[in-house]
Amino acid sequence: QVQLVESGGGLVQPGGSLRLSCAASGSIFRSYAMGWSRQAPGKQRELVAALASGGSANYADSVKGRFTISGDNAKNTVYLQMNSLKPEDTAVYYCNLVTPLGSYWGQGTQVTVSS
């Protein structure tokens, strides 16, 4: 069984920063990629950033230049540094792990950007 535990969400003012963390544990024999998605109320879940096992990173256009994903696929940890936050970044952020056996999700952590 694979478990993902996220932390680091909270309330921040526009222009502020937050750092999300995710640690995966369990029977993980190989990881293809880890990443972060988010879901705002009334909207579909969208991919925010992904980090492949080879080290390459991809970002949604809406967060390029503001968010940075990092981590260690060998240790099954991933982070999301979020700078210059905007109210439209408000959402539940989910960590995702992709392996040969399937895709796993964390429980989500709330990020609220508001003055």
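Here goes a summary of the coordinates provided. Keep in mind the model is a prediction, meaning the values are calculated, not measured.

**Things to note about the pairing of strand 10 (residues 102-105)**
Then comes step 1: For strand 9 (residues 91-99) and strand 10, the ladder comprises four bridges, and the chain directions are antiparallel. Opposite N96, over in strand 10, you have W105 as the bridge partner.
Then comes step 2: Taken together, strand 9 and the strand that follows it, strand 10, pair antiparallel across an intervening segment of two residues.

**A closer look at the nonpolar core**
Then comes step 1: With 28 residues, the main nonpolar core has W36, F67, L80, M82 and Y93 as its most contacted residues.
Then comes step 2: Residue assignment for this core shows that the elements contributing at least two residues are strand 1 (2-7), strand 3 (18-26), strand 4 (33-39), strand 5 (46-52), strand 7 (67-72), strand 8 (77-82), strand 9 and strand 11 (109-113).
Then comes step 3: With sequence-adjacent residues up to four places away left out, F67 is seen in contact with R38, V48, Y59, L80, Q81, M82, N83, L85, D89 and Y93.

Rules used throughout
- Residues numbered from 1 in each chain as written.
- Predicted model: local features only at pLDDT ≥ 70, side-chain atom pairs only at ≥ 80, totals over all residues.
- Heavy atoms only, no water.
- Pairing = 2+ DSSP bridges.
- Helix = DSSP H or I, 4+ residues; strand = E, 2+ residues; numbered from the N terminus.
- Core = buried A, V, L, I, M, F, W, Y, C linked by side-chain atoms within 4.5 Å.
- Buried < 20%, exposed > 50% of the residue type's maximum accessible area, 1.4 Å probe, protein only.
- Contact = heavy atoms within 4.5 Å.

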